[in-house]
Number of protein chains: 2
Amino acid sequence: MERETMTEAEEFLAVARAAKDATTVLAPLPRAPKDAALHAIADALVAATGEIVTANAADVERARRNGTSESMIDRLRLDAGRVEKIAAAVRQVADLPDPIGEVVRGSTLPNGLELRQVRVPLGVIGIIYEGRPNVTVDAAVLCLKSGNAVLLRGSSSAHSSNTVLVRIMQEALEGTEVPAGAVQLVPGVTRESVKHLLRARGLVDVLIPRGGASLIKSVVEESAVPVIETGVGNCHVYVDVDADVDMALKILINAKAQRPSVCNAAETFLVHADIADAFVPKALAALKDVGVTVHGDERIRSYGADVEPATEDDFTVEYVSLDIAAAVVDSLDEAVAHIRRYGSAHTDAIVTRSQAAARRFVATVDSAAVAVNASTRFTDGGEFGFGAEIGISTQKLHARGPMGLPELTSTKWIYTGDGHVRL
Amino acid sequence: MERETMTEAEEFLAVARAAKDATTVLAPLPRAPKDAALHAIADALVAATGEIVTANAADVERARRNGTSESMIDRLRLDAGRVEKIAAAVRQVADLPDPIGEVVRGSTLPNGLELRQVRVPLGVIGIIYEGRPNVTVDAAVLCLKSGNAVLLRGSSSAHSSNTVLVRIMQEALEGTEVPAGAVQLVPGVTRESVKHLLRARGLVDVLIPRGGASLIKSVVEESAVPVIETGVGNCHVYVDVDADVDMALKILINAKAQRPSVCNAAETFLVHADIADAFVPKALAALKDVGVTVHGDERIRSYGADVEPATEDDFTVEYVSLDIAAAVVDSLDEAVAHIRRYGSAHTDAIVTRSQAAARRFVATVDSAAVAVNASTRFTDGGEFGFGAEIGISTQKLHARGPMGLPELTSTKWIYTGDGHVRL
């Protein structure tokens, strides 16, 4: 079949099958050839810097014509320095330990069967992501390092950049033991083209959507392929009656304002009623100093004239901006109930001197991460020492919290006998 | 709202919310009160033997009127001895270690933050299962032991039994620290009533369908709730050129005929061409002796007049009967390609004296379990030493192979500092 005459669905099937075929060679590879392939990719990216920057300039120009915000354009833009950084990140992934082949459990059964559970690749991973071309390379090499083929579906805004980046990675793999087919760009730039991925059960083993809440929700609801939900963070800081007020202020300001655009930034703070007089006026002043608008319930508003009234939406939304919702609660349990009701089960923090309060908060908050006397901003693969991160799972199945290389694997049971049969 | 005026959808929401509410009390419970609750259930079941057997008799009578097969009726039937066995199994689960609270990983980060990843319950688990009332109790207590609430959706054929069993378990929980709402029967007996479960995202954390392939497929395709796929087993025995023929015969007969109705029974055998003359005639005779019908490709049929011709369907189907498909292959890689194409990624076995062949088979067969010189029948939570099993996962996400108590859990990251903020 000529490429020109293929429909988008046929093109998708062709690349998905190529990825699946690549897994038969890639999955059993030990570490050395995978690391060599990653270094080949890093070298090829640096060598092709001019071509990458030119392709990226077309994306940037189109984004500018479309009136895209400067902050979005900044995430989209590549220059020689950024290409060098992407290549350096690839070499860092090569330096990480290979999760594949790890013996997770093992024993000799009473009948003499030798049993072991060994870490293996998932197979083909589909990544649906935002307009950041560095993710194209980051995600691809994390998948390759963990023995997986990858289907990349980036934002249409980065399509020129992604097309060139994927071609350079494929060409770099030609000279290695990793099949070039293991890295694939999903054809098409329309929202419809994402649907091919969602229906590819049997060809794709897992989908990881990143980016906006509405995209993630639609993937989760429509996909026949198993999904790992990532990234939406409506994180809370609860200031307990036994909190150290200065510590609470420091943590609240850091959690909200140190980098408000990320998923582990705080979006709501809750204060115990009995410490509200001591804490809230100072918190409102400190938040105002760093440019944060507070959306408070009636009790919070009684402490400050410039507090906006909070609606249900304010407690639900992930602002990702210099805004924060706030409420006074009468007990720790009321704080936990608020978090269970409005939170996104990403990261929630308590500030308290009380062991009993910390213990109860940790036990009853049902989130991927719970912080005690620390900023929510630490929920991060880099901070946790993973060396790399593909996203932060907010679901309970398979992986929860920051996902590094081991979270991109499954396991296989192997048992060896000498003619063992069931009696 | 009066119960009589509720629609089935409203009734479903009421029980699902009751289960979710129960998790706030159940999830943080330590082992002792959970074990006490399991013993209370075991005692209550034995005490209510008469009532259980009477309710079950109504199911059996209805099944008989509907012309259900005797083997299905046998799986449905309860008598005093079987109730005692169910209660004994509950006490065994109480004796198993509690997976909750296990510290899976942990470290002190360079900045002094104390980080640990702790095993926690999944939350609310929905189980969709076949007409075996013992599963109602088995599944419920495995969920409770692992800190989860459970929504039980058994076969309509066991509805009278299941209704009584669930009521007895709920009543038994009334006197314990485990909330009675943690065990719920999904209202309704129609196929439509299953759909409420599939749509209950946010209320139900995971669905585990057991039973027939078509039910599992429809759950997987339609569910908005994450699913763990279980149980379909199209298992293979590959007899390598370097096989010990007597060992291969013993393993093949055991894998096929020791208990043909289970998912880890073999459904196809593959033979290397260079050992076919030595192996196939003996295999056909031995299979005939135990009443197995062979469905072979042309090369297999050249060894026996009573071999049925195999179609594509024969290589795809899970017979769950005294039938087996068979084919001759020209290489180990051709055997692996056959298994990848037709298999269900449950369990596949190789019989060989060759280390190299075993190593290549294990590395390239992409199944939940791979057996070397052993029957496929060992893929089982009991055989693996798990003490109990909720099913056998044939998917790669979250759990793969036999699922015991740890597979019914998630994890939570906890980090503790003394005012730590990101710099």
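The numbering scheme is per chain: residues are counted from 1 as the chain's sequence reads. For this description, chains carry letters from A and ligands carry numbers from 1, given in the order in which they are written. The predicted origin of the model limits local features to residues at a pLDDT of at least 70 and limits the giving and counting of side-chain atom pairs to 80 or more, whereas totals for whole chains, interfaces and linings rest on all residues. As a rule here, side-chain values come from all non-hydrogen atoms in the structure, and water together with hydrogens is ignored.

**Describing the overall build of chain A**
Spelled out, the test is: Starting at the N terminus, helices and strands are each numbered in turn, a helix being any DSSP run of H or I of at least four residues and a strand any DSSP run of E of at least two. Every radius of gyration here is taken over C-alpha atoms, with the globule rule written as 2.2 Å times N^0.38, N being the number of residues. Buried means the residue's accessible area, taken with a 1.4 Å probe over protein chains only, is under 20% of the maximum for its type, while exposed means over 50%, and partly exposed covers the values in between. Whether two residues are in contact is decided by their heavy atoms: any pair within 4.5 Å suffices. Think of it this way: Lys and Arg go in the positive column, Asp and Glu in the negative one, and His and the chain ends go nowhere. In this description, the location of a charge corresponds to atom NZ of lysine, CZ of arginine, CG of aspartate or CD of glutamate.
What chain A contains, in helices and strands, is 15 helices and 16 strands. Taken against the 2.2 N^0.38 rule, which gives 22 Å for 423 residues, the C-alpha radius of gyration of chain A at 24 Å falls within 12% of a compact globule. Considering only C-alpha atoms, chain A reaches an extent of 70 × 70 × 35 Å along its principal axes. In chain A, which comprises 423 residues, the proportion classed as buried is 58%. Long-range pairs, those at least 24 residues apart, make up 72% of the contacts in chain A with a sequence separation of at least 6. Side-chain charges in chain A split into 43 positive and 56 negative, and the spacing between the mean points of these groups amounts to 3 Å.

**Some words on helix H6 (residues 133-145) of chain A**
Residue and element names in this part refer to chain A. What counts, and what does not: Between the first and last residue of a helix there are one fewer steps than residues, each counted as 1.5 Å, and that sum is the expected span.
In this model, H6 (13 residues) spans 19 Å end to end at C-alpha, consistent with the 18 Å of a helix rising 1.5 Å per residue. By the criterion of burial, H6 is predominantly enclosed, with 11 of the 13 residues buried. Here H6 has its buried residues at Pro 133, Val 135, Thr 136, Val 137, Ala 139, Ala 140, Val 141, Leu 142, Cys 143, Leu 144 and Lys 145. Looking one or two residues past H6, Gly 147 carries a phi angle of roughly 80°, positive in sign.

**Some remarks on the environment of Ala 94 of chain B**
All names here are of chain B. Note on placement: Ala 94 falls in helix H5 (residues 80-95). Residue Ala 94 is classed as buried on the basis of its relative accessible area, which comes to 2%. Spatially, the C-alpha atom of Ala 94 lies 26 Å from that of Arg 377, the residues being 283 residues apart in sequence. Non-local contacts of Ala 94, meaning those with residues more than four positions away in its chain, are made with Arg 31, Asp 35, Leu 38, His 39 and Lys 145.

**Quick notes on the sheet that holds strand E4 (residues 149-153) of chain B**
Residues and elements named next belong to chain B. How we decide: Any two strands with at least two DSSP-identified bridges between them are counted as paired. Lines fitted to C-alpha atoms define the axes, with helix axes restricted to the stretch in contact, and inter-axis angles between N-to-C directions lie between 0 and 180 degrees.
Pairing is parallel in the open sheet, where 4 strands are placed in the order E5-E4-E3-E6. A single partner strand is all that each edge strand has here, and the edge strands are strand E5 (183-185) and strand E6 (206-209). Each strand of the sheet is rotated relative to its neighbour by a mean of 20°, with strand direction disregarded. Where strand E3 (residues 124-128) lies against E6, 4 bridges are found, and the strand directions are parallel. Its bridge partner lying in E6, Ile 128 is registered against Pro 209. Packing of helix H7 (residues 159-174) onto the sheet brings it into contact with E4 and E5, and relative to E5 it is tilted by some 155°.

**Regarding the sheet that holds strand E6 (residues 206-209) of chain A**
Residue and element names in this part refer to chain A. Taken together, 4 strands build an open sheet; the order of strands is E5-E4-E3-E6 and the sheet is parallel. The open sheet has two free edges, formed respectively by strand E5 (183-185) and E6, since each of these has just one partner strand. Averaged over all pairs of adjacent strands, the angle between strand axes in this sheet comes to 20°, irrespective of strand direction. Both strand E3 (residues 124-128) and strand E4 (residues 149-153) contribute to a ladder of 5 bridges, which runs parallel. Across the sheet, residue Val 124 finds its bridge partner in E4, namely Ala 149. Against the sheet, H6 makes contact with E3, E4 and E5, and its axis sits at roughly 160° relative to E4, the strand it touches most. Contacts from helix H7 (residues 159-174) reach E4 and E5 within the one sheet, and its direction differs from that of E5 by about 155°.

**Some thoughts on the environment of Val 164 of chain A**
Residues and elements named next belong to chain A. Mapped onto the elements, Val 164 comes out in helix H7. For Val 164, a relative accessible area of 11% puts it in the buried group. Sequence-wise, Val 164 and Cys 263 are 99 residues apart; in three dimensions their C-alpha atoms are separated by 29 Å. Excluding anything up to four places from it in sequence, Val 164 contacts Glu 51, Ile 52 and Ala 55.

**Examining the interface of chain A and chain B**
Often, the extent of an interface is quoted as the loss of accessible area on bringing the components together. Selection rule: Values labelled buried area give the accessible surface lost by two parts on being combined, using a 1.4 Å probe and summing over both. Think of a salt bridge as a Lys or Arg side-chain nitrogen and an Asp or Glu carboxyl oxygen that are within 4 Å of each other.
Listed by partner, the interface residues are 71 residues for chain A and 71 residues for chain B. Taking both sides of the interface into account, the surface hidden between chain A and chain B amounts to around 5900 Å²; carbon and sulfur atoms contribute 54%. Taken together, the links from chain A to chain B amount to 8 salt bridges. The salt bridge involving Asp 205 of chain B is made with Lys 396 of chain A; its shortest N-O contact spans 3.6 Å. Put simply, the parts of the chain that give the side of chain A that touches chain B at least two residues each are helix H1 (8-26), strand E2 (114-121), helix H10 (245-257), helix H15 (355-364), strand E13 (369-374), strand E15 (401-403) and strand E16 (409-420) of chain A.

**Here we look at the relation of the copies chain A and chain B**
Which entries qualify depends on this criterion: Residues reaching a pLDDT of at least 70 in both copies supply the C-alpha atoms on which the copies are superposed by least squares.
When chain A is fitted to chain B, the best match, at an RMSD of 0.0 Å, comes from turning it 180° and sliding it 0.0 Å along the axis. The relationship between the two copies is best expressed as a two-fold rotation axis. Taking C-alpha positions as reference, the residue of chain A nearest the rotation axis is His 398 of chain A, located at 1.8 Å. Comparing interface residues between copies, 100% of those in chain A also lie at the interface in chain B; the contact surface is shared.

**Digging into the confidence of the model for chain A**
What counts is decided by this rule: pLDDT is a residue-level measure of predictor confidence that goes from 0 to 100.
Of all residues in chain A, 99% attain a pLDDT of 70 or more, and the chain-wide mean is 95. Predicted complex metrics record ipTM = 0.93 and pTM = 0.92.

**A closer look at the packing of aromatic side chains**
Aromatic rings considered in pairs are described by the distance between their centres and by the relative angle of their planes. For the record, the criterion: Stacked, tilted and edge-to-face pairs are distinguished by plane angle, under 30 degrees for stacked and over 60 for edge-to-face with tilted covering the rest, among Phe, Tyr and Trp rings (Trp via its six-membered ring) whose centres lie within 6.5 Å.
A complete count under the given rule lists 16 aromatic pairs over all chains for this structure. With a centroid separation of 6.0 Å and 15° between ring planes, the pair formed by Tyr 238 of chain A and Phe 361 of chain A is classed as stacked. Taken together, the positions of Tyr 238 of chain A in strand E7 (residues 235-239) and Phe 361 of chain A in helix H15 put the pair 123 residues apart, joining distant regions of the chain. Phe 361 of chain A shares its class with Tyr 238 of chain A; the two are buried. With a centroid separation of 5.6 Å and an interplanar angle of 45°, the aromatic rings of Phe 315 of chain B and Tyr 342 of chain B are classed as tilted.

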